[in-house]
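Fold and contact review
Okay, here's what each chain looks like letter by letter:
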Amino acid sequence: MTIKNICIENTRGIDLLTINADILKNRPNILVAPNGFGKTSIAAAFRNAAHQTFIKICDGDRHQHDETRKSKIKLELEEDGTLSKLSASEDAHSNDIRKNFDIHVISDLRRIKAQSRNFGGFSRAEAKMIIDPIVICNKTTRVASPYRISEAKRAFGAHNVLLPNIDDELFRSHEFIMRSPEIFQYINSLVKTRKWSQIEKVRQQISDFDGDTTEALENAQSSIVELCRNMQEARGALTIVTQTTKLNQAEAFLALWQMLLVARSNSDTLKSHLEWLRYSAIKQSLRDGLNDLNTSWKIPSLKETKGKLIVEMPDPTHISNGQRDVMVLLSLLHIARHNLTKSRAIVIIDEVFDYLDDANLTVAQYYISQLIEDYKRQGRSIYTIILTHLNPAFFRNYVFSNQNTVYLDKGSAFDSIDAMKKLIGARSQTGCDEELKNKISKYLVHYHVDEYDFSDDLKVISGVRSSWGKHGRFQKFLTEEFNKYETGQQYDPLAICAITRRSIEELAYRQISEHPDSEEFFTTHKTGPKLDWASQRGASVPESHYLLRVIFDDGLHWNHNRDNTISIVAKLANPIIKKMISDVVHQCNG
């Protein structure tokens, strides 16, 4: 199943947002948008729908704090070519999403605590970052297994040698234990008299078979298949057993029959035993993870206190930011492991580790990959959505092997024309004549004082406007696009990159144009060295001109295999960057 689109209404900064993109199961889905777009509002929308049969929203999460604007979430799903829709609103019992998915949101737990201190009769407030103890789950008391294979064999009758020992086959399977809350929902239904009698008929068929024991199970295979076809709960339970153990369908039936036998007389004890096994697995996994992070004298402690399993973090001032964030993420992911019990889950991770260094970010991705791999081994589907402002195409921060990247702020109205893409792309194409590449770089992509005309040469590049090879034509195109950019119209982002670079270089050259070696400015490659060369000869180059290289360097080194327009547009939309570019161009033209 694929989530085809997400629609959110009236939550925090979101009036109406539709994400028309595939969100894929069992893969990291990285949703990229600049700061201020509304990523935290997306997380808030899902958080408000996570635990109720309707959306429960506080005033702080209401769009414009307006009670008349009701919050909604809609999902469109596709499975085997069939589309379906789920929704949630503030109306009672409207949350279809939660009926089909577990929802869990992971976000930053840090908070600032103000402390007042007295100094000679005067008080002064000091702010201190703290992380409250993280509650993983309720503590579970150890309960012994009520299952006895000898009792199951006596109840089964002939051919009871076929029965697998479910203490070994099921209760020692990590995958089965993690899905035990889900299977127990089926058990609660299957132990009822009518459904149990149908299951007993299959057991009786095996026990009454007059022949070889192996043939007895084979003889009942068609009855097991029929049972699954006609009884959804039996089909669901057997699917979980086969997905989480090495048992085939017939063997899974024998294991399920034994669980039902125990549950009919001792349901509470069986459920408590499975809960304790699951709690123990989560606790041990978390303890191992925290121990692996024990690289300093300040480590988090895992405690059972007041009926809770909690993680107490060290004083944030005594550990690095990276250590702190990774410890918190590990703990929060284990809360997710405990809380997520359905076959499908949506997990939102809201910028928890956008500011980690490379090493700790790799660790964070490892933890997320582990969660996804666990789901796959358990036969479940998890839709992991990572909200971030970092573009994986340009930052090597996200290196998942199968990540699905979605750009929320696509800037689709501001795509570069093909002629511009082909012109810039020709500089890196092996089939393009080197002399023509040099002319494009010398006269168009960079600033040059000479007049030129190589329009006939440009005709060999299909799709490029050959007129740009005449002096002044390309500059005219850039100026037109810059005027559109300034006035909020549709513009060509690569053109803005080009006019920014050319303007910066022209401003530097004007200051040293009378220098006897001024021609060396044009033979110096790349903008940074050109500016350095001019500075060394007396030019005053503002630091902002160096900073703007992050804009035009991305755009003017185009790669047809990597569309970087989205990233460029996001930067160009920033009001401060827009002002910096406008100042440069107007200064050059003034």
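Residues numbered from 1 in each chain as written. Predicted model: local features only at pLDDT ≥ 70, side-chain atom pairs only at ≥ 80, totals over all residues. Heavy atoms only, no water.

Re the confidence of the model for the protein chain
Of the residues in the protein chain, 88% have a pLDDT of 70 or more, and the chain-wide mean is 85. Of all the helices and strands in the protein chain, strand E7 (residues 111-119) carries the lowest mean pLDDT, 53, while helix H5 (residues 174-178) carries the highest, 94. (pLDDT = per-residue confidence, 0-100. Helix = DSSP H or I, 4+ residues; strand = E, 2+ residues; numbered from the N terminus.)

Re the sheet that holds strand E3 (residues 27-32)
Taking strand neighbours across the sheet as the criterion, the 5 strands line up as E6-E12-E13-E3-E14 in an open arrangement whose pairing is parallel. Looking at the sheet topology across the chains shown, the edges are occupied by strand E6 (102-106) and strand E14 (404-407). Taken over all neighbouring pairs, the strand axes of this sheet differ in orientation by 20° on average, direction set aside. Alignment of strand E12 (residues 344-350) against strand E13 (residues 381-388), held across 7 bridges, turns out to be parallel. Following the sheet pairing, arginine 344 is matched in E13 by serine 381. Sheet contacts for helix H1 (residues 39-48): E3, E6, E12 and E13; angle to E12, the most-contacted strand, approximately 145°. (Pairing = 2+ DSSP bridges. Axes fitted to C-alpha atoms, helices over the stretch in contact; angles between N-to-C directions. Contact = heavy atoms within 4.5 Å.)

Some words on the packing of aromatic side chains
Per the counting criterion, the structure on display carries 18 aromatic pairs. When the centroid spacing of 5.6 Å and the interplanar angle of 45° are considered together, the rings of tyrosine 509 and phenylalanine 521 count as tilted. Placement of the pair is tyrosine 509 in helix H18 (residues 493-512) and phenylalanine 521 in helix H19 (residues 520-523), with a sequence separation of 12 residues. Its relative accessible area of 8% is what places tyrosine 509 among the buried residues. The buried category is assigned to phenylalanine 521, whose relative accessible area is 0%. Aromatic side chains phenylalanine 521 and tryptophan 533 sit 6.4 Å apart centroid to centroid with 65° between the ring planes, which places their arrangement in the edge-to-face category. Taken as a pair, phenylalanine 521 in helix H19 and tryptophan 533 in helix H20 (residues 527-536) lie far apart in primary sequence, 12 residues in all. Pair check on accessibility: phenylalanine 521 and tryptophan 533 agree, each one buried. Among the aromatic residues, those joined into a ring-pair cluster are Tyr447, Tyr509, Phe521, Phe522 and Trp533. Seen from the ring of phenylalanine 521, lysine 530 lies directly overhead, with NZ or CZ sitting 5.0 Å from the centre. (Phe/Tyr/Trp six-rings, centres within 6.5 Å; stacked < 30°, edge-to-face > 60°. Buried < 20%, exposed > 50% of the residue type's maximum accessible area, 1.4 Å probe, protein only. Lys NZ or Arg CZ within 6 Å of the ring centre and 35° of its normal.)

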